[in-house]
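A closer look at the structure
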Amino acid sequence: MEQENLILISQKCSSCGASLDIESSLTKIKCMYCGSTFQVIRPLKVSSSANSSLSEENKQKYINIAKILEKSMLANNFQEAYDYCNKLLEMDTDNADVWIDKAICAYWLSSDNKIIFSQAKEITTYLNTARQINQDSEKLKEISIAIAENLFVLSRYYLYKIQKTESTKYETFCSGYLRTDLTNILEHIKLWDTAYQIHPNVVFLKRAVEELTPVLKAKVNWEQRILDETNVFPVKALKEAYIQKIKKAEPLYIPPKKPSWFAYLINYVSSSNG
Ligand SMILES: [Zn+2]
């Protein structure tokens, strides 16, 4: 039971929130305000997929709710749409397309920076549920790719907006970033791993490894960390875990050559001891 997509005429920019017009054939869209490029996410039409085992009365109710759900999604009203998804899932938990639409709602509700982390886990759960119901769904594959790519673009957009906090010397410990800034930066990098779970594109993890390696374009110069904060951020462990994951997909992968901040630190410790 493969469903069709709804015909979208506009989609919000996940980064800056601008409303963008969508031509019917486009799969990608570039925001003319902030320059981000996103995949177009077309919600699934669910009103024609009512379970045949529902009673006649419930079936009609199901179709009505599904139609309101579709209207809400087309109007970019994702909180309302999310609630309608739940109503439909109460009546029939086995409609994979409703789980996909719920994941899309969770994606849009996540574009607020503050809830992006919890919501990203939700998205993964809903898509996995849809996968358990219908493993071969082409639509599921298509939407997983779009959500994963967008999550990656969106978290990078927020990551590079994190500024050094102007503060006294004593509160900052890594090139002028506060502990909270660094936690925030690391959380955004972890989202690329979540994007990888949704759709295994190794580019996401390769970018994470680069960010965790002190190369020029890294957001934070991890090697300048002061000594007593070394156990706060599991940078080395994360980096190693991502490298292992990449190597499973690409056995010949060679991580960036620069020494990690951890290697620097060990040098520092041995030179200050001797
Ligand atoms: Zn934008």
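Cut-offs used in this document
- Residues numbered from 1 in each chain as written.
- Predicted model: local features only at pLDDT ≥ 70, side-chain atom pairs only at ≥ 80, totals over all residues.
- Helix = DSSP H or I, 4+ residues; strand = E, 2+ residues; numbered from the N terminus.
- Contact = placed C-beta atoms within 7 Å.
- Axes fitted to C-alpha atoms, helices over the stretch in contact; angles between N-to-C directions.
- Parallel < 35°, antiparallel > 145°, perpendicular 65-115°, else oblique.
- Nonpolar A, V, L, I, M, F, W, Y, C, P; charged D, E, K, R; others polar.
- Core = buried A, V, L, I, M, F, W, Y, C linked by C-beta atoms within 7 Å.
- Buried ≥ 20, exposed ≤ 12 C-beta atoms within 10 Å, placed from the backbone.
- Domains from an automatic or database assignment.
- Expected span 1.5 Å × (residues − 1).
- Arc of directions from axis to C-beta.
- pLDDT = per-residue confidence, 0-100.

**A few points about the overall build of the chain**
Across its full length, the chain carries nine helices and four strands. Along the chain, helices (α) and strands (β) appear in the sequence β-β-β-β-α-α-α-α-α-α-α-α-α when read from the amino end. Within the chain, contacts between residues at least 6 apart in sequence are counted, and of these 59% link residues at least 24 apart.

**So, the packing of helix H4 (residues 116-133) against helix H6 (residues 179-198)**
The N-to-C vectors of H4 and H6 enclose an angle of 10°; their axes lie 10 Å apart at closest approach. The angle between H4 and H6 places the two elements in the roughly parallel class. On H6, the residues touching Ile116, Phe117, Ala120, Ile123, Thr124 and Leu127 of H4 are Glu187, Leu191, Thr194, Gln197 and Ile198. Here the residues of the contact of H4 with H6 sort into seven nonpolar, three polar and one charged.

**A few points about the nonpolar core**
It is characteristic of soluble globular proteins that their nonpolar side chains tend to be buried jointly. Among the nonpolar cores identified, the biggest contains 56 residues, and Ile100, Ala103 and Ile147 are the most heavily contacted of them. Among the secondary structure elements, those contributing two or more residues to this core are helix H1 (56-74), helix H2 (78-91), helix H3 (96-110), H4, helix H5 (138-159), H6, helix H7 (202-211) and helix H8 (235-249). A total of 10 residues in this core trace back to one element, the largest contributor, which is H3. Of the residues that make up this core, three or more belong to each of domain 1 (10-158) and domain 2 (165-273). In this view, Ile100 contacts Leu44, Leu127, Ala130, Lys139, Leu140 and Ile143; residues no more than four positions away in its chain are not counted.

**Remarks on H8**
Side chains three or four residues apart in an α-helix point the same way, a direct result of the helix having 3.6 residues per turn. Across its 15 residues, H8 extends 22 Å between first and last C-alpha, which sits within 8% of the 21 Å expected from 1.5 Å per residue. Val235, Lys239, Tyr242, Lys245 and Ile246 are the residues of H8 that are buried. End-on view of H8: buried residues confined to an arc of 125°, all on one side of the axis. Seen from the open side of H8, the exposed residues pointing more than 90 degrees away from its buried face are Ala237, Gln244 and Lys248.

**Comments concerning the environment of Glu187**
Take Glu187: it is sitting in helix H6. You can call Glu187 partly exposed: it has 14 C-beta atoms within 10 Å. Linking Glu187 and Ser155, residues 32 residues apart in sequence, is a C-alpha distance of 9.3 Å.

**A few points about the packing of H5 against H6**
Where H5 meets H6, the axes come as close as 9 Å, and the angle between the chain directions of the two elements is 170°. Judged by the inter-axis angle, H5 sits roughly antiparallel to H6. Along the contact surface, H5 presents Ser144, Ile147, Ala148, Leu151, Phe152, Ser155, Tyr158 and Leu159, while H6 presents Ile185, His188, Leu191, Trp192, Thr194, Ala195 and Ile198. The residue inventory of the contact of H5 with H6, partitioned by class, reads 11 nonpolar, four polar and no charged.

**Structural notes on the environment of Ile243**
Relative to the helices and strands, Ile243 is located in helix H8. In this structure Ile243 comes out as partly exposed when scored by C-beta crowding, with 19 C-beta atoms within 10 Å. Among residues more than four places away in sequence, those in contact with Ile243 are Val209 and Pro255.

**Brief notes about the confidence of the model for the chain**
Taken over all residues, the pLDDT of the chain has a mean of 82, while the share at 70 or more is 78%. The least confident element of the chain is helix H9 (residues 261-273), whose mean pLDDT is 46; the most confident is H2, at 96. Long-range and interchain partners of residues 223-230, a stretch whose pLDDT sits below 50, account for 12 contacts in this model, where long-range means more than four residues apart. Of the regions scoring below 50 in pLDDT, residues 265-274 engages in one contact with residues more than four places distant in sequence or in other chains.

**Overview of the environment of Ile29**
Looking at the secondary structure, you find Ile29 in strand E3 (residues 28-30). Take Ile29: there are 18 C-beta atoms within 10 Å of it, and that puts it in the partly exposed class. Note: C-alpha distance between Ile29 and Gln11 (18 residues apart in sequence) is 9.1 Å.

**Concerning unusual backbone geometry**
Although it is not a glycine, Asn76 sits at a positive phi angle of roughly 60°. Relative to the helices and strands, Asn76 is located in the loop between H1 and H2.

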